[in-house]
Every structure is written in structure tokens, then in C-alpha cells.
Amino acid sequence: MKKLIALILALASGLYLAFGWLPDPIPFIDEGVALVVFLNSLAHLGLDLRRFFGLGGGKKEENGQPIDID
């Protein structure tokens, strides 16, 4: 169910971005918000492109123990 919602949001925000030259049907949603929704939806579906836009996406390495340097 979550993937279906993410797919619907990705399609809706992608269409909003593709037809950005049309007058805004919802004036408080601009292209920046639509881009964030689009990128987060794609990340949930398995295609994480947020790191290319500086949104801090991507996988981080987790090291279990700290390294002590003397």
C-alpha cells in the first residue's frame, strides 16, 4: 500500500514538474516542493536520486566501533 501511494505521488509530482509552464492549479505548491515530493517518492520506490540535489540521501556506512588513534 505504501508503494502504491509513493507511485501515485511520484506520478502526480512528475506531471506537475513536466507541465510547470501551465498556471498553478494549487498556488502554495511550487516546483521546489514538487521536486522534494518527487525525489522522496522515488527514493521510497528504490531509486534514490536525492544525493544529486543535495538533500542528503544515499546510504551511510555504519561502523559499530570507533577507531582510537593514539
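Residues numbered from 1 in each chain as written. Predicted model: local features only at pLDDT ≥ 70, side-chain atom pairs only at ≥ 80, totals over all residues. Heavy atoms only, no water.

**Here we look at the overall build of the protein**
Along its length, the protein carries two helices and zero strands. For the protein, the proportion of its 70 residues judged to be buried stands at 13%. A separation threshold of at least 6 residues defines the contact pool for the protein, and within that pool the share at least 24 residues apart is 33%. Accessible area of the protein: about 6,000 Å², with a carbon and sulfur share of 65%. (Helix = DSSP H or I, 4+ residues; strand = E, 2+ residues; numbered from the N terminus. Buried < 20%, exposed > 50% of the residue type's maximum accessible area, 1.4 Å probe, protein only. Contact = heavy atoms within 4.5 Å. Areas by Shrake-Rupley, 256 points an atom, 1.4 Å probe, with all protein chains shown as cover.)

**Some thoughts on the pattern of salt bridges**
This model, assessed by the stated rule, comprises one salt bridge. Close ionic contact of Arg-50 with Asp-48 constitutes a salt bridge, the shortest N to O distance being 2.9 Å. Arg-50 sits in the partly exposed class, given a relative accessible area of 23%. For Asp-48, a relative accessible area of 22% gives the class partly exposed. (Salt bridge = Lys/Arg side-chain N within 4 Å of Asp/Glu carboxyl O.)

**Thoughts on helix α1 (residues 2–18)**
In this model, α1 (17 residues) spans 24 Å end to end at C-alpha, consistent with the 24 Å of a helix rising 1.5 Å per residue. Turning to α1, its buried residues number three or more, namely Ala-6, Ala-10, Ser-13 and Tyr-16. Buried residues in α1, looked at end-on, bunch into an arc of 130°, giving them a common side. Facing away from the buried surface of α1 by more than 90 degrees, the exposed residues are Ile-8 and Leu-11. Buried-residue contacts for α1 involve α2 (31–45). (Expected span 1.5 Å × (residues − 1). Arc of directions from axis to C-beta.)

**Quick word on the environment of Leu-55**
You can see Leu-55 is positioned in the segment after α2. Classification of Leu-55 as partly exposed rests on a relative accessible area of 41%. Taking the C-alpha atoms as reference points, Leu-55 and Val-36, 19 residues apart in sequence, are found 8.6 Å from one another. In contact with Leu-55, other than residues within four places in its own chain, are Val-36, Leu-39 and Arg-50.

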